[in-house]
Amino acid sequence: MSRAERKADHIRHALVTGQMREHGFEDVMFVHQSLPNTSVKNINLETNIGTMNVKTPMFINAMTGGGGDKTYAINKQLASVANECGLPIALGSQMSAIKDQSEVNTYKVVREVNRNGIIFANLGSEATSEQALRAVDMVGANALQVHLNVIQELVMPEGDRNFINAIKRIEEIVKVLQVPVIVKETGFGISKEAATLLKEVGVSIIDVSGFGGTNFSKIENERRQHPMSYFNDWGITTAAAIAEVKHGAPTTSIISSGGIQSAMDIAKSIALGASAVGMAGFLLSVLMNDGEEQLLNEIKLIHEDLTYIMVALGAETIPDLQKSKIVIKGNTHHWLNERGISTKKYSS
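Here the structure is a predicted model, which means the values were calculated and not measured.

Visitor: When you look at the overall build of the chain in this model, what are you seeing that I'm missing?
Guide: Each helix and strand in the chain was counted, giving 16 helices and 12 strands. Against the compact-globule benchmark of 20 Å for 348 residues, the chain has a radius of gyration of 19 Å, which places it among compact chains. With the C-alpha coordinates aligned to their principal axes, the bounding extent of the chain is approximately 60 × 40 × 40 Å. Out of the 348 residues in the chain, the part that is buried amounts to 57%. For the chain, contacts bridging at least 24 residues in sequence account for 74% of all contacts bridging at least 6. Carbon and sulfur atoms provide 49% of the accessible area of the chain, an area that totals close to 14700 Å².

Take a look at the structure:
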C-alpha cells in the first residue's frame, strides 16, 4: 500500500471510529462564582502559544496531507475556515511530501489559501534537522510540530519498530530551527517524565494529545489481520496529561488536545494549565458530514459558549481562566494522586 493510500485509509477509519470522549474532563468541575463582576463585552480570548500571540485559544490541529487529491481538498477547506475564523492550523505529517514531491501541493495549499495565518508544519520524531528545515520552508510555517506516535507505529502493519535517539533528534531540530518547536503526542498523552526530558532539550511548547479522542490504535488495528487490541485502551487521558505536563515542565506552554469537542472542554483544559486547545477529529467530522459553512458556524458557537463560560467564572482573559478554581474527582483524581501530583492546588 502506498503512503497516499494509507493516508486516505486513516481518514476513512477515523471518521468511522469517531472520538471516544474518554478524555477525563467529566472529572473536572468548576467552582461556581455567584459574583463574577464582569460582562460579555469585557471578555478577551487572546492567548499565547509560546511566543506566538493568537486571537483565540482554539486552533485546527494536525490531520491531513500527503493523500493526493482527497487530502488536498480537505486541507484547502480547512485552510479557508482557519483564514475566515483567524485560527492557527497545523498540517498532517509532511514526510509524504519530503519523500514524494508530487504530494507537496497537498500541504502548500494551506499557505496559498491562508496567506497571513499561523501555520504549524509537522513531522514525526524520526525526522532529521535537515528535513525539519524543509518542512518549515515548504509552507512558510510559524512553528514545527514534531509528533510522537510510538503506539500507532507499533500497531501499524508497516510502521516503525525503532525509536532510539528520538530525544536527540528533537534536540537537534530545536537547535537549527528559527521557529518554535511543538512536540505533540498522537492520542496517548505525555507524562511528566517525558515533559521534563523535552523541556531539558529546549522544547518550549508541548501538545499533550491525550487519550480520549481519535484512537490511532483502533484505526491501525482495522488495517491488521491480527489486531493488537491490548493497545486500544492504552494512554494518559487528556485531563490527566495536562496536569502531568504542568507538573513535569511548569514553565512550558501547554496545548490541550485529544477528544476536545466543546467550549466546556476548552475551558476545563485551560483551567488545568493549557494556554491553547487543538481540535482535529471533531472538526473533520463536521466538515466531511455537514460542509464548510456548518463548520464555520460550529466554530462561531464554540467561541460564543466559551465567552459565556468565562463570564460565569469572572475570568476576563485566558490567564484569568487558568487561575479559575476547579475540583478534580473520580479516575483523574486517583491517577494524579497516585502519580504524586496534588489536586489541592487547583481548588484552593
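Here the narrative resumes, following the displayed structure.
Visitor: How do you make sense of the packing of helix H5 (residues 129-139) against helix H7 (residues 166-176) when you look at a structure like this?
Guide: Each packed pair of helices is defined by two parameters, the angle between the axes and the distance between the axes. For the pair H5 and H7, interaxial distance at closest approach is 9 Å and the crossing angle is 50°. It follows from the interaxial angle that H5 and H7 lie oblique. With respect to the hand of their crossing, H5 and H7 are arranged in right-handed fashion. Each of Ser129, Ala132 and Leu133 in H5 lies in contact with H7, whose residues at this interface are Glu172, Ile173 and Val176. Residue composition of the contact of H5 with H7, by class: 4 nonpolar, 1 polar and 1 charged.

Visitor: Would you explain the pairing of strand E10 (residues 253-256) in this entry?
Guide: Side chains Ser253 and Ile255 project from E10 onto one buried face, and the interleaved Ile254 and Ser256 project onto a second face that is buried too. Pairing analysis gives 3 bridges linking strand E9 (residues 205-207) to E10, with the strands arranged parallel. Looking at the pairing, Ile205 lines up with Ser253 of E10. Two strands pair when backbone bridges link them, and E10 and strand E11 (residues 276-279) are joined in this way by 2 bridges, in the parallel orientation. When the sheet's bridge partners are listed, Ile255 is paired in E11 with Ala276.

Visitor: It is not clear to me how the nonpolar core should be interpreted in this structure. Could you clarify?
Guide: For soluble globular proteins, nonpolar side chains are generally found buried alongside one another. Grouped together as the largest cluster of nonpolar side chains are 91 residues, with contacts concentrated most on Leu144, Ile170, Ile266, Leu272 and Leu321. With 9 residues, helix H13 (residues 292-313) is the largest single contributor of residues to this core. Contacts of Leu321, omitting those with residues within four sequence positions, involve Phe30, Ala267, Ile270, Ala271, Leu306, Met310, Leu313 and Ala315.

Visitor: Where do I start with the layout of surface pockets in this structure?
Guide: The probe, sized like a water molecule, is rolled over the atoms to show the empty space still left. Of the voids in this model, the second largest pocket is the one considered here, and its volume is about 380 Å³. In terms of lining residues, the second largest pocket is bounded by 20 residues, among which Leu148, Val150, Glu185, Gly189 and Ala194 are the most central. Secondary structure elements with two or more residues in the lining of the second largest pocket: helix H6 (150-155), H7 and helix H8 (192-200). Along the lines of polarity and charge, the residues of the lining of the second largest pocket split into 14 nonpolar, 5 polar and 1 charged.

Visitor: Please explain helix H10 (residues 238-248) as it appears in this structure.
Guide: Think of an α-helix as 3.6 residues a turn; residues three or four steps apart then line up on the same face. With 9 of its 11 residues buried, H10 lies for the most part within the structure. Of all the residues in H10, the buried ones are Thr238, Ala239, Ala240, Ala241, Ile242, Ala243, Glu244, Val245 and Gly248. Those residues of H10 that are buried lie in contact with H8, E9, E10, helix H11 (263-272), helix H15 (330-338) and helix H16 (344-347).

The rules behind the values
Residues numbered from 1 in each chain as written. Predicted model: local features only at pLDDT ≥ 70, side-chain atom pairs only at ≥ 80, totals over all residues. Heavy atoms only, no water. Helix = DSSP H or I, 4+ residues; strand = E, 2+ residues; numbered from the N terminus. Rg over C-alpha atoms; globule rule 2.2 N^0.38 Å. Buried < 20%, exposed > 50% of the residue type's maximum accessible area, 1.4 Å probe, protein only. Contact = heavy atoms within 4.5 Å. Areas by Shrake-Rupley, 256 points an atom, 1.4 Å probe, with all protein chains shown as cover. Axes fitted to C-alpha atoms, helices over the stretch in contact; angles between N-to-C directions. Parallel < 35°, antiparallel > 145°, perpendicular 65-115°, else oblique. Left-handed = near helix turned anticlockwise from the far one by under 90°. Nonpolar A, V, L, I, M, F, W, Y, C, P; charged D, E, K, R; others polar. Pairing = 2+ DSSP bridges. Core = buried A, V, L, I, M, F, W, Y, C linked by side-chain atoms within 4.5 Å. 1 Å grid on protein atoms, 1.4 Å probe; cavity = no way out; pocket = protein on both sides within 12 Å on 5 of 7 lines; lining within 4 Å. Points joined across faces, edges and corners; volume = space filled by probe spheres on them.

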